[in-house]
Amino acid sequence: MADATLYDYIGVAIFFASWVGYTIFADNYTKSPTLITIMHDHRAAWMHRMLERENRVVDAQILGLTMRNVALFASISVLILGGSVAILGSLEKVRGLASDLAFVQETSKAMWEIKLLILSTIFIHAFFKFAWSLRQFNYTATLLGAAPLNASEEEFSEIPEALASLGSLAVKSYNQGIRTYYFGLAALTWFLHPLLMALAGVWIVLVMYRREFRSRTLKTLIQAEKARKTTKK
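Just so it is clear, the model here is predicted, and its values are computed rather than measured. (Residues numbered from 1 in each chain as written. Predicted model: local features only at pLDDT ≥ 70, side-chain atom pairs only at ≥ 80, totals over all residues. Heavy atoms only, no water.)

Asks: Is there a simple way to explain the nonpolar core in this structure?
Replies: When a protein is soluble and globular, its nonpolar side chains tend to lie buried together. Counting 42 residues, the largest nonpolar core has Phe-15, Met-50, Phe-130, Phe-137 and Phe-183 as the members making the most contacts within it. Tallying contributions element by element places helix α5 (residues 109–146) first for this core, with 10 residues. Here Phe-130 is in contact with Val-70, Phe-73, Ala-74, Ser-77, Tyr-174, Gly-177, Ile-178 and Tyr-181, once residues within four sequence places are set aside. (Core = buried A, V, L, I, M, F, W, Y, C linked by side-chain atoms within 4.5 Å. Buried < 20%, exposed > 50% of the residue type's maximum accessible area, 1.4 Å probe, protein only. Helix = DSSP H or I, 4+ residues; strand = E, 2+ residues; numbered from the N terminus. Contact = heavy atoms within 4.5 Å.)

And the structure:
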């Protein structure tokens, strides 16, 4: 990065610090309910209900719908990577078009290549997260299919938790892939200005924090869990 400016180093450092820092915080925070923890509880309740019924077609359909969503994002990641490679192949034309835009920062060809390679790496990371999530959902589907019809008391307590835990691992990878998409879109602002990239990274953190820890969706899920436990009693 010989052509990089001080602003480039600052922007990249803040961007990746925001991403890594938030990922560590969000994936390990357990002091209060979050979307991840509350959905694990709902997932465990679902698997208990699954063991109580003989016809499990609906359960398989719900799991299949989730897997299709994950596969869609994995496919989009490949398309984005293809677009990035195509831009690298015609970089001079792209730089010529960008030079006509007053709000785009002028940088060397080498910096353009570095930015595109970093952007491609981000979406490669997203693809691997979605691909691993899809495999974990496949394993979950296998466990669901192997669940006994007349579960013993021990099985009734252990199988739902095992299914919920494996499903939560799959969702965790899926969330990390979605998170990568958010930060990938923020990384596009580097082509405008590196400090804008830093601001975009911080803004993405604030948006995701509100959605995972302070959203109305989370409050509704908590209320639903309380209602379910009350009904069970």
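Next comes the rest of the account.
Asks: Explain the packing of aromatic side chains to me, please; I cannot follow it from the model alone.
Replies: Any two aromatic rings considered together are summarised by their centre-to-centre distance and by the angle between their planes. This structure, assessed with the given rule, holds 18 aromatic pairs. Measuring from ring centre to ring centre gives 6.2 Å for Phe-15 and Trp-19, while their planes differ by 70 degrees; the resulting arrangement is edge-to-face. Placement of both Phe-15 and Trp-19 in helix α1 (residues 6–28) is noted, with a separation of four residues, approximately one turn of the helix. Take Phe-15: its relative accessible area is 0%, and that puts it in the buried class. What makes Trp-19 buried here is its relative accessible area of 10%. A ring pair is formed by Trp-112 and Phe-191, whose centres lie 5.0 Å apart and whose planes are at 50 degrees; its orientation type is tilted. With Trp-112 in helix α5 and Phe-191 in the loop between α6 (153–187) and α7 (194–213), this pair connects stretches of sequence that are 79 residues apart. Of the two residues examined, Trp-112 and Phe-191, each falls in the buried class. (Phe/Tyr/Trp six-rings, centres within 6.5 Å; stacked < 30°, edge-to-face > 60°.)

Asks: Would you take a moment to explain the side chain of Arg-56 for this structure?
Replies: Secondary-structure assignment places Arg-56 in the loop between α2 (35–52) and α3 (57–89). In this structure Arg-56 is buried but unpaired, with Asp-59 as the nearest side chain of opposite charge at 5.6 Å. Of the polar contacts made by the side chain of Arg-56, one reaches the backbone oxygen of Met-50; its length is 3.1 Å. A polar side-chain atom of Arg-56 sits 2.9 Å from the main-chain carbonyl oxygen of Pro-148. If we ignore the near neighbours within four places in the chain, the residues touching Arg-56 are Met-50, Leu-51, Leu-144, Ala-147, Pro-148 and Leu-149. (Lys, Arg positive; Asp, Glu negative; His and termini not counted. Salt bridge = Lys/Arg side-chain N within 4 Å of Asp/Glu carboxyl O. Polar contact = N/O pair within 3.5 Å; in protein donor to acceptor, adjacent residues only side chain to side chain.)

Asks: Is there a simple way to think about the layout of surface pockets in this case?
Replies: Estimates place the volume of the largest pocket at around 560 Å³. In terms of lining, the largest pocket is formed by 18 residues, of which the most central are Leu-35, Val-171, Tyr-174, Asn-175 and Ile-178. Breaking the lining of the largest pocket down by element, the ones donating at least two residues are α2, α3, α6 and α7. Top element by residues in the lining of the largest pocket is α6. It accounts for eight residues. Partitioned by chemical class, the residues of the lining of the largest pocket number nine nonpolar, four polar and five charged. As for the second largest pocket, its lining consists of 16 residues, and the residues nearest its centre are Met-39, His-42, Arg-43, Trp-46 and Ile-62. For the lining of the second largest pocket, the secondary-structure elements that each account for two or more residues are α2, α3, α5 and α6. (1 Å grid on protein atoms, 1.4 Å probe; cavity = no way out; pocket = protein on both sides within 12 Å on 5 of 7 lines; lining within 4 Å. Points joined across faces, edges and corners; volume = space filled by probe spheres on them. Nonpolar A, V, L, I, M, F, W, Y, C, P; charged D, E, K, R; others polar.)

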